[in-house]
Amino acid sequence: MTANVAVETTPEVPLWNDPAQSLTTRVSALIEAMTPEEKIAQLYGVWVGASNEGGDVAPHQHDMEEAVDLDALLPAGLGQLTRPFGTVPVDPAVGALSLLRTQVRIAAENRFGIPALAHDECLAGFAAWGATAYPVPLSWGATFDPGLVRRMAAAIGRDMRAVGVHQGLAPVLDVVRDARWGRVEETIGEDPYLVGTIGTAYVQGLESAGIVATLKHFVGYSASRAGRNLAPSSVGPRERADVLLPPFEMAVREGGARSVMHAYTDIDGVPAAADEDLLTGLLRDTWGFDGTVVADYFGIAFLKTLHGIAGDWAGAAGAALRAGVDVELPTVKTFGAPLLEAVADGRVPEALIDRAVRRVLTQKAALGLLDPDWNPVPSALDGADLDDADALRGRIDLDGPGNRELARAVAEEAVVLLSNDGTLPLERPRRIALVGPNADEPTAVLGCYSFPQHIGVRHPGTPLGIELPTLRDTLAAEFPDTEFTVVRGTGVDDGDVSGIAEAVRAAQDADVVVTVLGDRAGLFGRGTSGEGCDVESLVLPGAQQQLLDALLDTGRPVVTVLLAGRPYALGRAVAESAAVVQSFFPGEEGTAAVAGVLAGRTSPTGRLPVSVPRGAGAQPATYLGAPLAHASEVSNIDPTPAFGFGHGLTYTTFDWSDLVVHAGEAPTDGEFSLGITVRNTGERHGTEVVQLYLHDPVASVVQPVQRLIGYTRVPLAPGEARTVRVEVPADLASFTGRDGARVVEPGELELRFAASSTAPPLTARVTLTGPERRVDHTRRLHAEFTQDAVPGD
């Protein structure tokens, strides 16, 4: 096989293959020529795994699906190939060869020559063997840096596109409502504006590389009762509109996302997969989304098996189609024979099939998959000898120096220094006791959707495919003259206390103790963080708190480092640790980033995307609460966090001053203009994150005490100062009123500049004047920041 592989066409190009025609014309002609069976074939995927010998992909067997007969399916066509790289370990080049050979077969076996659209996971990097493991989304949130996240996503997208993948199942735009939920690590944080801006940047990066970004999970999945995975969600219409929906709205409007994945959850008895008001009325008719809606895996079948709103598979398929779901993933089930029979006997109108297949084929046409010169050979295999699979091994590097540099940059910006009594940065200690279950564990930096933790654990004889230095390795590189004593102390969650005495002895003999605690990522109970790994309380897993307390009892300075997927209550360590450093599964370059902060080679700039609780059981609690959600004299439970949303220290100090309000009044369709001066008063370079919160003291419905409406990173050299100005449109004061419409009400507001949700703010009191004003999805979404050097600095 040569690199110049293309689908054969007749001399006369059919209308649907003619690039000179509009997409609408091409797709309409193709639909007109297709049978119902051929249309339906475009509406489902088949879960496959690439062959490590370069042959056709093999259908993946799963305990929730029946075996798939590709020979029987392919004559009608195929809509999607599910996770060709993210199912089994395969050399990337050989996997790309396997995928292209399968695409040739798919195109050859259906009479229109239509290939499949291939999708894979990319939650924290391309989930393929040997691909860069970037920090998890919670770390993206900790950077407060959309530009960096956009660059990372573009790199992920380029790698995926280079091997023949078209669609990525990311980002997760769920807003954290309960930190006990196992999938907190997959989210960007607990504030909808932060989630929206960082998530939209990720979408923009992925789409810039030609990858179809998929927003998930639409909507309400993270608001499950008691933080349990796939549990009922108790969400009112106002919480849904003002907290859960804005990130999706932003990513659709500004990100250009071409796909949305429905959530598993139901809200007030209506499953998202069958919610026509959500998937068609809001998403399409109001927001103008024109891409595809894909099912979360097995989500359409769940309408029968879990939700009980359908009596058979055809009923489930019909309900999803009516709501606006276009593609069944991961494999054919309800959209196969049951749907074909339902169309034939009139239970499901063929018009619903036509509507969905039009969206699918329009996307395929836009990707070039209907063009007469379509070539299945991905760019990474251009010029390769495609007849020799073994010669291809090692040809494609999905973890090159540029990727690792980006992974390091994100990890470094995401490290959050929670507390510090001056012990950090460490000053060349002679002896360090390095203690804890994550001190010498390579995979402690990986989230549950990284390839090694998601797939690799099921293939124990396969190498990791990437380098994962432990914190022991990277600290030793930072301090080559230091003597290290490494003691595990206890496991992540085994409850074993037999090693604590040895850890205490090591601490007593050291100048400083670095204890490395946290999580082990996994799936469905195999870890302490990840999908299906929910917790009853936010106490550290296993016996880690006992280990930490015993180390604190030694009187030696204890630096507590967390490599985790969620925030945990730290007990005495909040007040007694010499320093606390939080890193949320920072990826393959994560331990180098943490070690750099501990040594002072880099200065911490991360800020908390989620609050760190003071008590392990005061959940659910996020900073985004109304007055009744905060501490009061009528309850003995205090939800006040140990460290609030947006908190993070640096190795320098900043002075905020000169608050200026250029106009204290603005109409409800106007804007405010404010400014402050930020000066680095310390001796080291540092980055301050200026956060802007809105407080609405009197409104027609209960409002959060404060909510983030903007932020900007301000890098400053020692002694340097900058004026930070911001234009704040009145639209940012809007909320969902009593009648369900979004309104801007006249009245007094507070605009608070602060270093975190709990830091003392510089407060501007302003007034909106004029009539109440209704706004919609075209409202302005952002405050506009500018920075200028202070003259004379």
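The structure displayed is predicted, hence computed values, not measured ones.

Re the nonpolar core
Part 1 of the reasoning: F126, Y202, F218 and L381 are the most contacted members of the largest nonpolar core, which totals 191 residues.
Part 2 of the reasoning: Counting 32 residues, the second largest nonpolar core, distinct from the first, contains L426, L475, V597 and A599.

A few points about helix α13 (residues 337-344)
Part 1 of the reasoning: For α13, the complete set of buried residues consists of P338, L339, A342 and V343. Angular distribution of buried residues about the axis of α13 spans 135 degrees; they occupy a single face of the element. Summarising the geometry of α13, the exposed residues directed more than 90 degrees from the buried face are E341 and A344.
Part 2 of the reasoning: The elements touched by buried residues of α13 are α2 (36-41), α12 (313-323) and α14 (350-366).
Part 3 of the reasoning: Positive phi shows up at G346, right after α13, with a value of about 85 degrees.

Regarding the sheet that holds strand β27 (residues 773-775)
Part 1 of the reasoning: What the three strands build is an open sheet, ordered β23-β24-β27; its pairing is antiparallel. If you trace the sheet from one side to the other, it starts and ends with β23 (735-736) and β27, each paired once.
Part 2 of the reasoning: Direction of pairing for β23 relative to strand β24 (residues 742-744): antiparallel, over a ladder of two bridges. Paired with F735 across the bridge in β24 is V743.

Remarks on the pairing of strand β19 (residues 671-680)
Part 1 of the reasoning: Taking burial as the measure, the ten residues of β19 include eight buried ones, the bulk of the element.
Part 2 of the reasoning: In this sheet, strand β22 (residues 721-729) lies alongside β19 in antiparallel orientation, the contact comprising nine bridges. Opposite L674, over in β22, you have V726 as the bridge partner.

Concerning the sheet that holds strand β13 (residues 483-487)
Part 1 of the reasoning: Pairing within the open sheet is mixed, and its six strands lie in the order β11-β16-β15-β14-β12-β13. Sheet topology places β11 (416-420) and β13 at the edges, where each strand pairs with a single neighbour. Strand after strand, the sheet turns through a mean of 15 degrees between neighbouring axes, direction not considered.
Part 2 of the reasoning: As defined by bridge partners, strand β12 (residues 431-435) adjoins strand β14 (residues 512-518) across four bridges and the pair is classed as parallel. Across the sheet, the residue bridging to I432 is V512, located in β14.

Quick look at the environment of V294
Part 1 of the reasoning: Relative to the helices and strands, V294 resides in strand β10 (residues 292-294).
Part 2 of the reasoning: By relative accessible area, V294 is classed as buried at 0%.
Part 3 of the reasoning: The sequence separation of V294 and K216 amounts to 78 residues, and the corresponding C-alpha distance is 9.7 Å.
Part 4 of the reasoning: Once residues lying within four places of it in the same chain are set aside, the contact partners of V294 are Q80, Q167, T214, S259, V260, M261, H262, V325, V327 and L329.

Examining the pattern of salt bridges
Close approach of charged atoms allows side chains of opposite charge to pair.
Part 1 of the reasoning: Tallied over the full model, the rule gives 42 salt bridges.
Part 2 of the reasoning: With its nearest N and O atoms 2.4 Å apart, the salt bridge here joins R105 to D71. Of this pair, R105 sits in helix α4 (residues 92-109) while D71 sits in helix α3 (residues 70-73); the two residues are 34 residues apart in sequence, bridging distant segments of the chain.
Part 3 of the reasoning: Across the pair R284 and D326 runs a salt bridge whose closest N-O atoms are separated by 2.9 Å. Residue R284 is located in helix α10 (residues 276-286), and its partner D326 is located in the loop between α12 and α13; the two are separated by 42 residues in the primary sequence.
Part 4 of the reasoning: Since its relative accessible area comes to 9%, R284 is described here as buried.
Part 5 of the reasoning: According to the relative accessible area criterion, D326 is buried, its value standing at 1%.
Part 6 of the reasoning: By sharing partners, the salt bridges in this structure join D399, R404, R408, E588 and E589 into a single network.

What counts, and where the lines are drawn
- Residues numbered from 1 in each chain as written.
- Predicted model: local features only at pLDDT ≥ 70, side-chain atom pairs only at ≥ 80, totals over all residues.
- Heavy atoms only, no water.
- Core = buried A, V, L, I, M, F, W, Y, C linked by side-chain atoms within 4.5 Å.
- Buried < 20%, exposed > 50% of the residue type's maximum accessible area, 1.4 Å probe, protein only.
- Helix = DSSP H or I, 4+ residues; strand = E, 2+ residues; numbered from the N terminus.
- Arc of directions from axis to C-beta.
- Contact = heavy atoms within 4.5 Å.
- Pairing = 2+ DSSP bridges.
- Axes fitted to C-alpha atoms, helices over the stretch in contact; angles between N-to-C directions.
- Salt bridge = Lys/Arg side-chain N within 4 Å of Asp/Glu carboxyl O.

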